[in-house]
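# Understanding the architecture of this molecule
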Amino acid sequence: MPEATGLMAHNWGFAIFLLGVIGLCAFMLGVSSLLGSKAWGRSKNEPFESGMLPTGGARLRLSAKFYLVAMLFVIFDIEALFLFAWSVSVRESGWTGFVEALIFIAILLAGLVYLFRVGALDWAPEARRKRQAKLKQ
């Protein structure tokens, strides 16, 4: 029976914490709406960041290569995270863990080779690539 009491006390503590968080958020939103300025104007509605007035439009078209590099960074960052966790527990995992880590690295290396072959890592302009292809022949 003491286990159920401990669990109930834990749940009540969590419920009080959630109520406190919701109350704090409601308080901050309410105070900011009461004390905030209600004036509207052209300069009031302009974005202002780091003391610089905005120039140009916010809708810039970026190349898909930027997003590809971001995805590659995330993938290999996660790889480093997994390998760090593996290196911490290498003695407990033994040879099985070593083989699993090698398989993990091989799969990611195959993905990197695929991306290189497809040209996803090639940032050179088309003219430079054609020139280099002619020089290789």
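If you're wondering where the values come from, they're calculated on a predicted model, not measured in any experiment. (Residues numbered from 1 in each chain as written. Predicted model: local features only at pLDDT ≥ 70, side-chain atom pairs only at ≥ 80, totals over all residues. Heavy atoms only, no water.)

## Quick look at the UniProt feature "transmembrane region" (unreviewed entry) in the protein
UniProt's entry tags residues 12–35, 66–89 and 101–124 with the feature "transmembrane region" (unreviewed entry), counted in the numbering of this structure. For the annotated span residues 12–35, helix accounts for 100% and strand for 0% of the residues, and the straight-line distance between the end C-alpha atoms is 34 Å. Between the C-alpha atoms that bound residues 66–89 there is a distance of 35 Å. The span itself is 96% helix and 0% strand. (UniProt positions renumbered as here; feature names shortened; annotations may be inferred. Helix = DSSP H or I, 4+ residues; strand = E, 2+ residues; numbered from the N terminus.)

## Structural notes on the packing of aromatic side chains
A complete count under the given rule lists 3 aromatic pairs for this structure. Taking the centre distance of 6.3 Å and the plane angle of 35 degrees together, the rings of Trp 86 and Phe 98 count as tilted. Note that Trp 86 is positioned in helix H2 (residues 64–88) and Phe 98 in helix H3 (residues 90–118), a separation of 12 residues in sequence. We classify Phe 98 as partly exposed; its relative accessible area is 34%. Here Trp 95 and Phe 98 contribute two aromatic rings whose centre-to-centre distance is 5.6 Å and whose plane-to-plane angle is 90 degrees, an arrangement assigned as edge-to-face. With Trp 95 and Phe 98 both in helix H3 and 3 residues apart, the pair spans about one turn of that helix. (Phe/Tyr/Trp six-rings, centres within 6.5 Å; stacked < 30°, edge-to-face > 60°. Buried < 20%, exposed > 50% of the residue type's maximum accessible area, 1.4 Å probe, protein only.)

## As for H3
Its 29 residues place the ends of H3 only 35 Å apart at the C-alpha level, less than the 42 Å of an ideal helix rising 1.5 Å per residue. The largest bend in H3 comes to about 75 degrees, at Thr 96. Taken as a whole, H3 has its buried residues at Gly 97, Ala 101, Leu 108 and Leu 115. (Expected span 1.5 Å × (residues − 1). Bend = angle between axes of the 7 residues up to and from the residue.)

## As for H2
A turn of α-helix holds 3.6 residues, and therefore any two residues three or four places apart point the same way. For H2, which comprises 25 residues, the first-to-last C-alpha distance of 37 Å matches the rise-based estimate of 36 Å (1.5 Å per residue) to within 8%. Buried within H2 we find Leu 68, Leu 72 and Glu 79. Residues of H2 that are buried make contact with H3. (Contact = heavy atoms within 4.5 Å.)

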